[in-house]
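Examination of the molecular architecture
Take a look at the letters that make up each chain.
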Amino acid sequence: NNLTLTFVGGKVTEITGSGPGFADLKASYDAGAEGKELFGFVDFGINPNLKIWPMSKVGNWVQSGMVTVGIGNNTWAGGDNKVAYGLTNYLPGSTVTVDGKSVVENGVLKL
C-alpha cells in the first residue's frame, strides 16, 4: 500500500510503503546488487482489446493506457542493466504529458 519510489538523477533514493508484503519487498530490494536502483524503463500500453477489471489486483503492461515503470534489470527491453534484480510497477489511471501533450490521460491512451 502507498508504495512510493523517490528518484533523483535516474536513481531510486528512497522506497516507502506499508501493508502486507512491503517489508518483504523492501528486504528484497535492499539485498539486491548495485544497479537495482537505476531507472530501468517506462512503457505505455497500446492494446485496446485487453480489458482488466478496474478493481483487479492483476497488472498487465499491454492494456491500452496502462503506464508501467521499472527499476533494475532492463535487458528484456533492450537496455544494458544486467543486475539480477528488477521491480515493475503498474500505474493504472495515470496521466502522462510529453512536451506539453497528454499521451495518457487518466489511464486513457491519447495517441
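For the structure itself, consult the block above.
A brief report on the enclosed structure follows.

Each value, and the rule that gives it
- Residue numbers run consecutively from 1 along every chain, following the written order of its sequence.
- Totals for whole chains, interfaces and linings use all residues, but because this is a predicted model, local features are given only for residues with pLDDT of at least 70 and pairs of side-chain atoms are given and counted only at 80 or more.
- Calculation of side-chain values draws on the structure's entire complement of heavy atoms; hydrogens and water are dropped beforehand.
- To qualify as a nonpolar core, a set must consist of buried Ala, Val, Leu, Ile, Met, Phe, Trp, Tyr and Cys residues joined through side-chain atoms within 4.5 Å.
- The cut-offs for exposure are 20% and 50% of the maximum accessible area for each residue type, with area from a 1.4 Å probe on protein chains only; residues under the lower value are buried, those over the upper are exposed, and the others partly exposed.
- Secondary structure elements follow DSSP: runs of H or I of four or more residues count as helices, runs of E of two or more count as strands, with numbering from the N terminus.
- Note on contacts: a residue pair qualifies if any of its non-hydrogen atoms lie within 4.5 Å across the two residues.
- Definition of a polar contact: a pair of N or O atoms within 3.5 Å, with one able to donate and the other able to accept a hydrogen when the atoms are protein atoms, and with sequence-neighbouring residues admitted only if both atoms are side-chain atoms.

**Overview of the nonpolar core**
Core analysis: the largest hydrophobic core is formed by eight residues, namely L5, V12, I15, F22, Y29, I71, Y85 and L87. For this core, the elements supplying multiple residues, two or more each, are β2 (11-16) and α1 (22-31). In contact with I71, other than residues within four places in its own chain, are L5, F7, V12, Y29, K36, L38, F39, G40, Y85, G86 and L87. The next biggest cluster of nonpolar side chains, apart from the first, holds six residues, and it includes V96, V103, V104 and L109.

**Re the side chain of N81**
Looking at the element boundaries, N81 is found in the loop between β4 (67-72) and β5 (86-90). Among the polar contacts listed, one links the side chain of N81 to the backbone oxygen of G72, at a separation of 3.3 Å. At a separation of 3.2 Å, a polar atom in the side chain of N81 contacts the main-chain amide nitrogen of V83. With residues near it in sequence (within four places) discarded, N81 still touches G35, L38, G72, N73, N74 and T75.

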